[in-house]
Each structure stands twice: as structure tokens, then as C-alpha cells.
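So the chains spell out like this:
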Amino acid sequence: MGNYAMQEKYHIVTYGCQMNLHESEKIAGILRGMQYVETPTLGDADIIVFNTCCIRENAENHAFGNIGALKKLKKQKPSLIIAVGGCMTQEAGKTEALKKKFPFIDVMFGALNFEELQRLIEEKKRTKKKVIEIREKEGEIVETITPYRASYPNAWINITYGCNNFCSYCIVPYVRGRERSRKPEYILAEAEQLVKDGYKEITLLGQNVNSYGADGSTGMTFAELLDRVASIEGNFRVRFMTSHPKDFTKDVVDVMKKHSKICRLVHLPVQSGSNTVLAEMNRRYTREKYLQEIQMLREVLPEAEVTTDIIVGFPGETEEDYLQTEDLVKQVNFASAFTFVYSKRAGTRASTMENQIPEDVQKDRIMRLVELVNSLTRQKSETYVGKTVEILCEGFDEKKGMYLGRDEFGRMGYFNHDTDCIGKFIDLKIIRANGISLYGEVVDIKD
Ligand code: SAH
Ligand code: SF4
Ligand code: F3S
């Protein structure tokens, strides 16, 4: 390794969801295959890759701000390659806007062709010209890229790509293409290898995991796939996300019950508690159906917890509609909830709807909802005090000077210990709760 100092360095900036974070691990895999090494420092990098998100306007603003801030660096170091890809470049018209605003970008690729990054970078190096290649339509699933995982002891596995649901507010189906399911043999081989490599938590990823194989291409339902993954030998946890209430069925809950390895947590985004709004959102379930599913889940698995996503300020949402969301939140008693202000996305059906809600009303509703959600989460945290829970230690929080990990419900627990605990299952006696975080003492450490 005599020429180590000569090695070129990469730095990846990621926005957006878990899926995008995992895609960045694949991008890291591609770059390492090209002999790049990672640097945590932007200023040291020879190539900077932005993996963008366009789900809400502020996600885009962040990326625009951070790309813009590189202008100076690029001037000082003309050999620096700046590459921009992900969901935002895939969005209609955005590549042009980026090109105009930031002429110093060297490479642009889309969410549907990031696998081609090596070729695009090589082309840039060879021709010294800007390389822009965005694929219009999704292609065959690429199985040849090995992600460079940066999240031990957790690992993510894609089971589906794209989305067919066209919720009226959502841009994902436009930038990620139609739903495709990975073949079970690839998923199972990946999971087996991860367990062999010592990973302790595997999360199966899809925009709507319940529709895995719905096109008949896999010969297996999601419940069957989950059963197979959880049947792999070893001491590890299984999670999955996202479940869609229109397709969430009991067969999945039965498989959860069969395997203690599967975390008793379902992320089931409800979006709204009002049937009028749900219909306008094209979610294809009602408040009643949602509540029935929660009841079914709790009948089979009384200990199960549910987390959710909620949007407020959707076009036409009345105060009455909003209050129905509050009411549903109280009724379900979610373990936690991600709350969003509706963001208008060009090209979606909701963007052309009348009755867009004024910003001050949106703000007022999100503040009230956040307060409600926080108070429920705080109450839940209090119930932990005095109990012993099993957490998987994920890392060390430098600021707090403590190890941290999660219980099966995703609750964060902090503790002190003088040996390395990362990747170990810890029985933690909870002494104190602070908001959503728990603090405890180690009772037992298991591998
Ligand atoms: N496929 C998942 C979620 C993907 S996006 C599902 O169907 O639940 C994650 C969350 O972002 C969504 O659940 C929704 O709450 C939120 N979201 C999507 N589009 C949005 C928009 N235009 N404005 C505000 N929030 C949005
Ligand atoms: Fe978007 Fe709906 Fe698809 Fe989720 S299911 S990604 S919210 S269109
Ligand atoms: Fe994810 Fe954002 Fe794309 S939420 S799928 S990275 S638009």
C-alpha cells in the first residue's frame, strides 16, 4: 500500500429516506471499486457526490444550498469532481435548473441509473467535459453492485424499487418509476451473508413492502419472504418498512408472531385521520379500515407498537379534518410519528387542486400536532422507567460520551460501559426518560 497517499478520496452527501441512504452505500461501493477511499472532510475530497431527495421543497432547498456552497472549493481545486444524482435530478426540469444555476457540476445522473456512475465518472475524466445522463424509465434490476455498508450492526436490504400507488401529493412514483420486486434468491442470499458477517439487524426496504411480488414475478408474497428471512439461523433482528394500510394483511402479522426475531413494530403511515382527505390523497383506505388493522395487529400481538407518518395542510383540509387526525393519533397511541407540512410537488395531482391551505394555517396545525405527538411519546417513555429492555447497541455518542442503541420498538437507549458494546444485545434497566430518549444501566451483555 505504498501509494496510499496518492489515492483519490470521495465524500458522499445524502438527503432523504432510508432507501436513499442505502443507495449511497451502493454508490460508496462503486467508488471503492474504482480505488477511491472515503474522507469525512468535504475539503479533502477529489470527488463529492450529492445523492438528493425531492419529497418536499425543503429537501431540495437543502441540496441547492449545499451544492451552491461548493463553488469556491471548485475554484480552488479545479480537479475536484462534483457529481449530483438521486431523486431531484430525476425530477422533470430539475437537471436543467441545476445545470444553469451551478455550471460547475461535472456529472449528473438520476435515481434510475446511479449504477452507471463508474462509467460516467470515467467519461468525465477522459473527455474533461460535463457528463449528464438521466434515464427516463426504470430498467432491469441491477444485482451486480456490492454496497459498502457504513451502518454496522444494522443493514438494509431492498426488496422492491419504485412505487405504483400515486398518492396524489407524492412525487416518488414519478422519480422512482414503477414498482419492481427483487427475486427472493438475491434477497435471501444477501440476508444470509449479512448474518454470517455478523450484522445484527436487517431491515427490508420498499415503498410498500406489502405489495412485494404483487406482479407475480417472485412466486412469493411479502409474508412468505419475511418468514424465509426470519428463518435464517443466527441471533439477529428483522424489521421492514414501509407497510401500506391499503395492503397490510394478517398473514404478515402471523409471521411476526411466529418469529421472535421480527421486531414487534409496524411503520404504518396513516397520513390523515379524515376520510375526505384520505380519498383526496388517493390512499385507498378509510380511517375505519386503518383502525381495524390496528385492532387486528393488537389482537394477534398485544405488545406490538405502531409508528406512522402524517401530513397536515393537504389541499382542502378543514379544521374539522385536522381534528380527526388529532383524534386518530390519540386513539391509536402511536409509539412515534413523523409529521410533515404538505409540500406542493410539481406534476402531482394535488399540486393542481384548489383550496391550497395558507401557510399560517399549516404552521398552526403542525405545531399543535407536534405537541400532541410529543406528549404521547413522553408519556410512553415514562412507562419504561424501572423496566429492563433489550437494546441493540449501535454506536457511541461522542457528545454524550455514552453508548446508544434501540429497543425493538425503535426507542433510543443510552448507557455507559467500559468495553466496546457496538453490535451487542444489551439488557438495559431504564433509570430515566427524557423526551423520546431513555437512559439506563447495563444488566447483561449478549452477543
Ligand atoms: N412509501 C411510503 C412513504 C414514502 S415518503 C408510504 O407510502 O407511506 C415518506 C413520507 O413523506 C410519506 O409517508 C408522507 O407522509 C411524506 N410525504 C410524501 N410526499 C409529501 C409531500 N408532498 N408533502 C409532505 N409530505 C410528504
Ligand atoms: Fe408516495 Fe404513496 Fe408511493 Fe408512498 S405509497 S411512495 S406516499 S405514492
Ligand atoms: Fe426517498 Fe426522497 Fe427519493 S424520500 S425515494 S429520496 S424523493
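Our subject is the structure listed above.
Read on for an overview of the structure. Since we're looking at a predicted model, the values are computed, not measured.

Let's shift gears to the nonpolar core. Core analysis: the largest hydrophobic core is formed by 56 residues, its most contacted members being Leu204, Phe222, Leu226, Phe240 and Tyr290. The biggest single contributor to this core is helix 9 (residues 222-230), with 6 residues. The residue makeup of this core includes at least three contributed by each of domain 2 (149-263) and domain 3 (288-382). Setting aside anything within four residues of it in sequence, one finds leucine 204 in contact with Ile157, Ile159, Val209, Phe222, Leu226, Val229, Arg239, Phe240 and Met241. Residues Ala59, Leu98, Phe102 and Ile105 belong to the second largest nonpolar core, which totals 26 residues.

Looking at the second largest pocket, its volume works out to about 630 Å³. Lining the second largest pocket are 33 residues, and of these Lys26, Val142, Glu143, Ile145 and Tyr161 sit closest to its centre. Mapped by element, the contributors of at least two residues to the lining of the second largest pocket are helix 1 (18-33) and helix 8 (184-196). If you tally residues by element for the lining of the second largest pocket, the top one is helix 8, at 4 residues. Looking at side-chain class alone, the lining of the second largest pocket contains 11 nonpolar, 8 polar and 14 charged residues. Each of domain 1 (4-133) and domain 2 (149-263) gives at least three residues to the lining of the second largest pocket.

Residues in close proximity to ligand 2 include Cys163, Asn165, Phe166, Cys167, Tyr169, Cys170, Val172, Pro173, Gln207, His244 and Arg283, which together make up its full environment. Its residues assigned to classes, the shell around ligand 2 shows 7 nonpolar, 3 polar and 1 charged.

Rules of the game
Residues numbered from 1 in each chain as written. Chains lettered and ligands numbered in written order. Predicted model: local features only at pLDDT ≥ 70, side-chain atom pairs only at ≥ 80, totals over all residues. Heavy atoms only, no water. Core = buried A, V, L, I, M, F, W, Y, C linked by side-chain atoms within 4.5 Å. Buried < 20%, exposed > 50% of the residue type's maximum accessible area, 1.4 Å probe, protein only. Helix = DSSP H or I, 4+ residues; strand = E, 2+ residues; numbered from the N terminus. Domains from an automatic or database assignment. Contact = heavy atoms within 4.5 Å. 1 Å grid on protein atoms, 1.4 Å probe; cavity = no way out; pocket = protein on both sides within 12 Å on 5 of 7 lines; lining within 4 Å. Points joined across faces, edges and corners; volume = space filled by probe spheres on them. Nonpolar A, V, L, I, M, F, W, Y, C, P; charged D, E, K, R; others polar. Near = heavy atom within 4 Å.

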